[in-house]
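# Fold and geometry: a report
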There are 2 protein chains.
Amino acid sequence: MAKDGIDIIIDTESEENYYMQIRNQVIRQIAYGKLVPGQSLPSVRQLAESAGINMHTARKAYLLLKKEGYLRVDNRKGATVDVSFNESVDMDDLMNDVIMLCAKAGCKGVSLEKIHMMLDEAYKKQAGEGAD
Amino acid sequence: MAKDGIDIIIDTESEENYYMQIRNQVIRQIAYGKLVPGQSLPSVRQLAESAGINMHTARKAYLLLKKEGYLRVDNRKGATVDVSFNESVDMDDLMNDVIMLCAKAGCKGVSLEKIHMMLDEAYKKQAGEGAD
DNA sequence: CCTTTTGTTATATAATAAATATAACAAAAG
DNA sequence: CTTTTGTTATATTTATTATATAACAAAAGG
């Protein structure tokens, strides 16, 4: 395990943006308990170096995560995990995801039960990661 | 209702790409039964005009939907709804969506049960749209 | 106190992606 | 036979993404 920084791996072949890859990995690591509220994230320069990307790209990811309510980015203090909950914004976002997921599954003939099962499976793995 | 074309509305203020907005709306309309397998979609020129966008942007959406297995785009015949299912590709895609959904919910303190309920709600609306 | 690291801001540039604008042509439709 | 259509091609514009430097003041660490 990384002694200081978080484990962020950039797939240069992916069609997903670098800053989006970072964003998604951070969200997953918070959910998995690998990043806990209050914990400081590496400096943008550190993350940039360890991930092999530019400082501003790392910064962009942090600022997006702040906008979406996963990090606090204080003046002169850097980024720390601090999840906030905005009822209307966050529930709308989640519902949007659910609607698209449901639509995709519907089109592809994947049953509602199967999606429920996949959700349980994902949740189980998530909860299981807390204990290292 | 539109006598011929499908109802595609482009939100020029959205941060979502035009062709992604089209893609998502088409997927939802297939899931909702407003577009049925075999049905022809409007020509790229028609869609472009009714949606107030360029022909190539409409075309890009159709080609993406083809790549993702929602449309058939035959030579000289245009686009028709034809959903295909590729086990590994599609299930991976769905699982990826589920994992991110689950992670977001986990971070935001939204319970697994709540997500299950939202899923049921989305599915119910989807199934309910079939009967006009 | 001094050096280093840090967050931040600014600017510049390159590369890629998104969207539009025309044009042309052959096939299909009417 | 005219129109519409899918398709291909080219070109341009704008926006986004990613990188490259530089500078500065605050914070940290010695």
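Residues numbered from 1 in each chain as written. Chains lettered and ligands numbered in written order. Predicted model: local features only at pLDDT ≥ 70, side-chain atom pairs only at ≥ 80, totals over all residues. Heavy atoms only, no water.

## Quick notes on the overall build of chain A
If you tally the helices and strands in chain A, you get five helices and two strands. The order of α-helices and β-strands along chain A, N terminus first, is α-α-α-β-β-α-α. Principal-axis analysis of the C-alpha atoms places the extent of chain A at approximately 50 × 35 × 30 Å. A buried classification covers 41% of the 132 residues belonging to chain A. A separation of at least 24 residues holds for 45% of the contacts in chain A among residues at least 6 apart in sequence. Just so you have it, chain A exposes about 7,800 Å², and 48% of that area is on carbon and sulfur atoms. Charge separation in chain A, taken as the distance between the mean sites of 17 positive and 20 negative side-chain charges, equals 5 Å. (Helix = DSSP H or I, 4+ residues; strand = E, 2+ residues; numbered from the N terminus. Buried < 20%, exposed > 50% of the residue type's maximum accessible area, 1.4 Å probe, protein only. Contact = heavy atoms within 4.5 Å. Areas by Shrake-Rupley, 256 points an atom, 1.4 Å probe, with all protein chains shown as cover. Lys, Arg positive; Asp, Glu negative; His and termini not counted. Charge placed at Lys NZ, Arg CZ, Asp CG, Glu CD.)

## What to know about the interface of chain A and chain B
With 43 residues of chain A in contact, the opposing surface of chain B contributes 43 residues. Interface area for chain A against chain B, summed over the two sides, is near 4,200 Å², with a carbon-plus-sulfur share of 75%. Of all residues in chain A, A:Lys104, A:Lys108 and A:Leu119 bury the most surface against chain B, accounting for 18% of the area lost on that side. For the interface between chain A and chain B, the tally reads 19 residue pairs in polar contact (both at pLDDT 80 or more). Broken down by secondary-structure element, the contributors of at least two residues to the side of chain A that touches chain B are helix H1 (18-31), helix H4 (87-108) and helix H5 (112-128) of chain A. (Buried area = accessible area lost by both parts, 1.4 Å probe. Polar contact = N/O pair within 3.5 Å; in protein donor to acceptor, adjacent residues only side chain to side chain.)

## Some thoughts on the protein's contact with DNA strand D
Close contacts around DNA strand D come from 22 residues, with A:Tyr18, A:His56, B:Arg45, B:His56 and B:Arg76 the closest. Measuring from a phosphate oxygen of DNA strand D, one finds a side-chain N or O atom of A:Lys60 at 3.1 Å. The separation between a phosphate oxygen of DNA strand D and a polar side-chain atom of B:Arg59 is 3.0 Å. Elements supplying a minimum of two residues to the surface near DNA strand D: H1 and helix H3 (55-67) of chain A together with helix H2 (44-51), helix H3 (55-67) and strand E1 (71-74) of chain B. (Near = heavy atom within 4 Å.)

## A word on the protein's contact with DNA strand C
In the neighbourhood of DNA strand C, 22 residues make up the surrounding shell, with A:Arg45, A:His56, A:Arg76, B:Tyr18 and B:His56 lying closest. Within 4 Å of the protein, the atoms of DNA strand C are drawn from sugar and phosphate moieties in a proportion of 56%. A:Gln46 has a polar side-chain atom sitting 3.0 Å from a phosphate oxygen of DNA strand C. Take B:Asn17: an N or O atom from its side chain is 3.3 Å from a phosphate oxygen of DNA strand C. Partitioned by chemical class, the residues of the surface near DNA strand C number six nonpolar, nine polar and seven charged. (Nonpolar A, V, L, I, M, F, W, Y, C, P; charged D, E, K, R; others polar.)

## With respect to the pairing of strand E2 (residues 78-81) of chain A
All names here are of chain A. As judged from the four bridges shared by strand E1 (residues 71-74) and E2, these two strands associate in the antiparallel manner. Paired with leucine 71 across the two strands is valine 81, which belongs to E2. Taking the residues that link successive antiparallel strands as the turn, the E1-E2 hairpin has three residues, and the phi of arginine 76 there is positive, at about 65°. (Pairing = 2+ DSSP bridges.)

## Let's talk about the relation of the copies chain A and chain B
The transformation that overlays chain A on chain B combines an axial shift of 0.0 Å with a rotation of 180°, and the residual RMSD is 0.1 Å. What the superposition gives is, in effect, a two-fold axis relating one chain to the other. Minimal C-alpha separation from the rotation axis in chain A is found for A:His116, amounting to 3.4 Å. Comparing interface residues between copies, 98% of those in chain A also sit at the interface in chain B, which points to an isologous, same-surface contact. (Least-squares fit on C-alpha atoms with pLDDT ≥ 70 in both.)

## Some thoughts on the environment of B:Tyr62
All names here are of chain B. With respect to the element layout, tyrosine 62 can be found in helix H3. Between the alpha carbons of tyrosine 62 and glycine 78 there is a distance of 9.4 Å; along the sequence they are 16 residues apart. From its side chain, tyrosine 62 meets the backbone oxygen of proline 42 in a polar contact 2.8 Å long.

## Some points on the state of the cysteines
Residues and elements named next belong to chain B. Under the definition given, this model contains zero disulfides over all chains. The thiol sulfur of cysteine 102 is not disulfide-bonded, and the nearest other cysteine sulfur, from cysteine 107, lies at 10 Å. Judged by its relative accessible area of 4%, cysteine 102 is buried. (Disulfide = S-S within 2.5 Å.)

## Quick word on the pattern of salt bridges
Inspection of the entire model under this criterion finds 14 salt bridges over all chains. The closest approach of N and O atoms between B:Lys104 and A:Asp97, which form a salt bridge, is 2.9 Å. Here A:Asp97 lies in helix H4 and B:Lys104 lies in helix H4 (residues 87-108), a pairing that spans two chains. Look at B:Lys104 and you get buried, because its relative accessible area is 7%. You can call A:Asp97 partly exposed: its relative accessible area is 25%. Salt bridges linked by common partners bring A:Arg72, A:Asp74 and A:Asp82 together as one network. (Salt bridge = Lys/Arg side-chain N within 4 Å of Asp/Glu carboxyl O.)

## Focus on the domain arrangement of chain A
Looking at chain A, the domain boundaries give domain 1 (2-81) and domain 2 (87-126). With centres defined by C-alpha atoms, the gap from domain 1 of chain A to domain 2 of chain A works out at 25 Å. (Domains from an automatic or database assignment.)

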